[in-house]
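Observations on the three-dimensional arrangement
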Amino acid sequence: MTTSKIRVRFAPSPTGPLHIGGVRTALFNYLFAKHNGGDFLLRIEDTDQSRYVPGAEAYIMEALDWCGIKIDEGPREGGPHAPYRQSERKELYSKYAQDLIDSGHAYYAFDTAEELDALRNLAESKGETFTYNNATRTGLNNSLTLPGNVCESLLYSGAPHVVRFKMPENLVVEETDIIRGHVQFNTDQLDDKVLFKSDGMPTYHLANVVDDHLMEITHVIRGEEWLPSVPLHILLYRAFGWESTMPQFSHLPLILKPVGKGKLSKRDGDQLGFPVFPLAWKDPETGDVSRGYREDGYLPDGFINMLSLLGWNPGTEQEIFSMEQLIDSFTLDRVGKSGSRFDPEKTKWFNHQYLIRHSDEELAGLFLPYLDSKGVKVPFPLVVRVTGLVKERCHFVNEIWDQGFFFFQAPESYDEKIVSKRWKDGVPEMMAEIAGFFANLHIWIAPEIKEPFSQFVTEKGWNFGTIMNSLRLCLVGGSYGPDIFDICEIIGQAETIERIEKAVHKLR
RNA sequence: GGUCUGUUCAUCUAAGGGUUAGGAUUCAAGAUUUUCAUUCUUGCCAUAGGGGUUCGAAUCCCCUACAGACUACCA
């Protein structure tokens, strides 16, 4: 253990949009770094050219930006260990692969992918599993079995080859994972992993270890799916002679799908009607669009708050956390070990909590694009006022429209259920009288409408409930919305009267 | 199949040997809102099963079951 500055990295591969599991991994890395006054780096692991997806890298950065996760060093930000894109560090890795061959920790292998596939199929047909390891490597085409001169001439002639790690025999590799505690593996169960591919690129395992070392990463915080490769990574650090500065490992529990079995996947969102991505994503090949939390009207701080509580808890009963508070409270020892099922309902609840905490101005600003898309152009102060009136009844920014569209345009239809319930005999006549009454009012602000109106209704001996509900139907087209007199005030005297007359006319 | 990891209300989780097993979401009921939503109150609901260790186990150990991850020249 060194006493150097805490440094962590989020190292996604740009094979598509980040999903919420990835965002959570990034978040926990970020929170851990900031809690300890350390650095958070973004490193793009694009060593598999065949899986490269255009736009994915930009997506990842935009998603982190939206979430409020700030990158200290990365491809865009630069930094002392640039470049931060593994494809741009390509030359570096072959040197390290060579070091391992020279020290006897790795070897060249000339077996083709087809040959290995055939071996796997053969083993499978016999109910066995083929593994490239100490038991089989002596019977395969590699620098351990081939005569030195044959091997050299193969390399010289440019024969395709990979570099494999020579997994030691019967060695117990132990490690203390910050989240999981003591874990151990026997190397006899492991295979000779490819470190360097025939296309000249390193695999994840090599690149990851080399870069983490070079970038002075102190803690590796990643998903549980990486736990099985921990022994390989430890052995690599040892082989390089870097064990004394090896990062500490933490393996985060998985995020499971809301219903059914297994970890959350892209498909779940489409089927169950909630986003699995922070931002909407358009697949460049198929053109399919997947929805995103941002586009669905979620607020980033609520989204982050929800994610933070998936697998982590503060040990207190506090549930609402700003990013600053999260940084303050976050420690890895309060991260659980078991997988968390994702709950879209609670996500909605969080969003509502954040929605009502946001200022009317801020929310109105976020709502503006939705208004635009409806072709509505109104003064901003009006949008602010309406937002303030309806935000408590919304879970999402876009619901401000559903809850308040009638402030901006007259209802075009009337909810039939409400019509049959409220539009009884005599009601049209009462409404017509009310329109006349409104026309004679001189002051048009909510309390000054309510007061005389109540008097008027009382004098007439009408049923207040019937009147209010029917009036609401006239003004908004249904049985929803905030206080009626607020609505009257905002839409104005003339419009109020007009809507009543229109309803009387149309609902005859 | 093998290796590894996990298992507390429907869901997220608290309780690091001693509590009526706590909170939150969902759901249900009531109150408020002469609408709807919000809000408030109340309620329902859990230690996977079996063995140990212990005066005492959700907590420590073992077995079983179930679940998951990994098992590629992918990350």
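These remarks concern the structure in this document.

Topic: the layout of surface pockets
- Each pocket or cavity is described by its volume, and for the largest pocket that value is around 1,200 Å³.
- Along the walls of the largest pocket sit 41 residues, with Pro12, Ser13, Thr15, Glu225 and Trp226 positioned nearest its centre.
- Looking at the lining of the largest pocket, the elements with two or more residues in it are strand E1 (7-10), helix H1 (20-35), helix H6 (204-214) and strand E8 (219-223).
- When residues of the lining of the largest pocket are assigned to their parent elements, the largest contribution, 5 residues, is made by H1.
- Taken together, the residues that form the lining of the largest pocket break down as 17 nonpolar, 12 polar and 12 charged.

With respect to helix H12 (residues 360-373)
- Here H12 is 14 residues long and its end C-alpha atoms lie 20 Å apart, about the 20 Å a rise of 1.5 Å per residue gives.
- Most pronounced at Phe367, the bend in H12 amounts to some 35°, and the proline Pro369 follows within four residues.
- For H12, the elements touching its buried residues are helix H11 (344-357), helix H13 (380-390) and helix H14 (399-404).

A look at the protein's contact with RNA strand B
- The environment of RNA strand B is formed by 60 residues, the closest being Lys197, Glu319, Arg393, Phe464 and Ser479.
- For RNA strand B, the fraction of atoms within 4 Å of the protein that belong to sugar or phosphate moieties is 73%.
- One nitrogen or oxygen atom from the side chain of Ser13 is found 3.5 Å from a sugar or linking oxygen belonging to RNA strand B.
- Elements represented by at least two residues in the surface near RNA strand B include exactly helix H4 (113-125), strand E4 (162-165), strand E6 (181-186), strand E13 (340-341), H11 and helix H18 (464-476).

Some remarks on the nonpolar core
- One finds Ile69, Trp423, Met431, Phe438, Phe453 and Ile500 to be the most contacted residues of the largest nonpolar core, which totals 111 residues.
- The element that contributes the greatest number of residues to this core is H1, accounting for 9 residues.
- Setting aside anything within four residues of it in sequence, one finds Met431 in contact with Trp423, Ile467, Ser470, Leu471, Cys474, Ile500 and Val504.

Some points on the sheet that holds E4
- Here 3 strands make up an open sheet; going across it, the order is E3-E4-E7 and the pairing antiparallel. The open sheet is flanked by strand E3 (106-109) and strand E7 (194-196), the only strands paired with a single partner. The average angle at which neighbouring strand axes cross in this sheet is 45°, direction not considered.
- Judged from the 4 bridges that link them, E3 and E4 form a sheet pairing that is antiparallel. Paired with Tyr108 across the strands is Val163, a residue of E4.
- With respect to the sheet, helix H3 (residues 90-102) is in contact with E3, E4 and E7, its orientation differing from that of E3 by roughly 105°.

What counts as what
Residues numbered from 1 in each chain as written. Chains lettered and ligands numbered in written order. Predicted model: local features only at pLDDT ≥ 70, side-chain atom pairs only at ≥ 80, totals over all residues. Heavy atoms only, no water. 1 Å grid on protein atoms, 1.4 Å probe; cavity = no way out; pocket = protein on both sides within 12 Å on 5 of 7 lines; lining within 4 Å. Points joined across faces, edges and corners; volume = space filled by probe spheres on them. Helix = DSSP H or I, 4+ residues; strand = E, 2+ residues; numbered from the N terminus. Nonpolar A, V, L, I, M, F, W, Y, C, P; charged D, E, K, R; others polar. Expected span 1.5 Å × (residues − 1). Bend = angle between axes of the 7 residues up to and from the residue. Contact = heavy atoms within 4.5 Å. Near = heavy atom within 4 Å. Polar contact = N/O pair within 3.5 Å; in protein donor to acceptor, adjacent residues only side chain to side chain. Core = buried A, V, L, I, M, F, W, Y, C linked by side-chain atoms within 4.5 Å. Buried < 20%, exposed > 50% of the residue type's maximum accessible area, 1.4 Å probe, protein only. Pairing = 2+ DSSP bridges. Axes fitted to C-alpha atoms, helices over the stretch in contact; angles between N-to-C directions.

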